[in-house]
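What follows is each chain in one-letter form.
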Amino acid sequence: GIAPAQRAGIASLEAAWQIDSTNSELLRRAAPAQGADILLAERQSGGRGRRGRAWSSPLAANLYLSLSRQFGGGLARLGGLSLVAGVAVAEALPALGYDGVRLKWPNDLLADGRKLGGILVEGGGEHAGPVRAVIGLGLNVRMPAAAAQSIDQPWIDLASLRDGTPTRNAVAAALLDRMLAAFDLFDAEGLAPFLPRYEKYDALRGEAVSVLTGNASHEGIATGIAADGALRVRLADGEGVFHSGEVSVRRVG
Ligand code: BTN
């Protein structure tokens, strides 16, 4: 890790009883000049996933948290940020007794091949200079049966992975500690230090994948992550490099 004096730290930490979306709320506010604003919610009335999907956010069941901070280096940097957040979460969970969590590019947390959580990075700014990012994390801790019915993909929660689920506060503290340190390092050094760390959790590497871009489908073998965070795929006619936001990926193997 890096020395505490280099850490940008927490500008504010707030827990809301209910909110539309922790990402939306932080996007409505200005980013702190220094450090990170952190917002957790007990429940979200309009939790959002990627591609406009709803994120099931029942009361006092799971973790819904967002972090807002500035990064140097311009807009192009934001692409790798969801990978950095994923690495931080994947590295924090073993200390809580959960091994075997994997990352499915660009933003899924998997356990047992099913979705344990997801990351939604939003924000913007100029092409050069500082950009503001809001990094949202939803992590299934103990999904109530009633809420589970509306989830349209295979999912899993911490409670079904082992006995003795830690409190949501304990999970949040461990994750935030890792995320804050990871974002400081990312701001200072970019994505490079995270590429070998990501590799350990890469659920797609070596797998047959189908990448959808617009209305085209590209079949190949995932070979890892490029320096800018793009997904690399060996296709029949050469290598494909796919950027977050323009594709979705399905395991076909
Ligand atoms: C995905 O897998 O599509 C990303 C899901 C991100 C969900 C989290 S919950 C906290 C934050 N607030 C939101 O509305 N979304 C993110």
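All of these numbers come straight from a predicted model, not from anything done at the bench. (Residues numbered from 1 in each chain as written. Predicted model: local features only at pLDDT ≥ 70, side-chain atom pairs only at ≥ 80, totals over all residues.)

Colleague: For this particular structure, what's the right way to read the overall build of the protein?
Modeller: Regarding its fold elements, the protein presents five helices and 12 strands. Split into buried and exposed, the 253 residues of the protein put 40% on the buried side. Summarising the internal contacts of the protein: among those between residues at least 6 apart in sequence, 64% fall at separations of at least 24. (Helix = DSSP H or I, 4+ residues; strand = E, 2+ residues; numbered from the N terminus. Buried ≥ 20, exposed ≤ 12 C-beta atoms within 10 Å, placed from the backbone. Contact = placed C-beta atoms within 7 Å.)

Colleague: It is not clear to me how the sheet that holds strand β4 (residues 102-104) should be interpreted in this structure. Could you clarify?
Modeller: In any sheet, the strands associate via hydrogen bonds between backbone groups, in a parallel or an antiparallel arrangement. Taken together, the seven strands give an open sheet; going across it, the order is β1-β2-β3-β7-β6-β5-β4, and neighbouring strands pair in mixed fashion. This sheet does not close on itself; its edge strands, each paired only once, are β1 (10-19) and β4. Taking each pair of neighbouring strands and ignoring which way they run, the sheet shows an average axis angle of 20°. Across five bridges, the pairing between strand β2 (residues 36-44) and strand β3 (residues 63-71) is antiparallel. Residue Ile38 lies in a different strand from β3, and its bridge partner there is Leu67. Packed onto the sheet, helix α4 (residues 168-189) meets β2, β3 and β7 (131-139) and runs at close to 20° relative to β3. (Pairing = 2+ DSSP bridges. Axes fitted to C-alpha atoms, helices over the stretch in contact; angles between N-to-C directions.)

Colleague: Teacher, can you tell me more about the domain arrangement of the protein here?
Modeller: Reports often express the size of an interface as the amount of accessible area lost when the parts come together. Once the domains are mapped, the protein shows domain 1 (4-199) and domain 2 (208-251). When each unit is reduced to the centre of its C-alpha atoms, the spacing between domain 1 and domain 2 is 24 Å. When contributions to the side of domain 1 that touches domain 2 are tallied by element, the ones reaching two or more residues are α2 (81-92) and α5 (195-199). Looking at the side of domain 1 that touches domain 2 element by element, the count peaks at three residues for α5. For the side of domain 1 that touches domain 2, the residue count by class is six nonpolar, three polar and one charged. (Domains from an automatic or database assignment. Nonpolar A, V, L, I, M, F, W, Y, C, P; charged D, E, K, R; others polar.)

Colleague: Would you mind going over the environment of Ser56 with me for this structure?
Modeller: Among the secondary structure elements, Ser56 is positioned in the loop between β2 and β3. Owing to 21 C-beta atoms within 10 Å, Ser56 belongs among the buried residues under this scheme. Each C-alpha atom of the pair Ser56 and Gly138 lies 9.2 Å from the other, and the pair is 82 residues apart in sequence. Excluding residues within four positions of it along the chain, Ser56 makes contact with Gly47, Ala147, Ser150 and Ile151.

Colleague: So what exactly am I meant to see when it comes to the pairing of strand β6 (residues 114-125) here?
Modeller: Look at any regular strand and the pattern is simple: side chains alternate between the two faces of the sheet. Bridge count for strand β5 (residues 108-111) against β6 is four bridges, and the pairing is antiparallel. Across the sheet, Ala111 pairs through a bridge with Arg114, a residue of β6. Between β5 and the antiparallel strand that follows it, β6, lie two residues; Asp112 among them carries a positive phi value of about 60°. Across nine bridges, the pairing between β6 and β7 is antiparallel. Along β7, the bridge assignment pairs Gly124 with Arg132.

Colleague: Is there a simple way to think about unusual backbone geometry in this case?
Modeller: Trans peptide bonds make up most of the peptide bonds, and negative phi angles are found at most residues other than glycine. For the peptide bond that leads from Trp105 to Pro106, omega is 0°, which places it in the cis range. Of note in this structure, Arg51 is not a glycine but carries a positive phi near 55°. Along the chain, Arg51 turns up in the loop between β2 and β3. Given 8 C-beta atoms within a 10 Å radius, Arg51 is considered exposed. Phi is positive for Ala60, close to 55°, though the residue is something other than glycine. In this fold, Ala60 is placed in the loop between β2 and β3.

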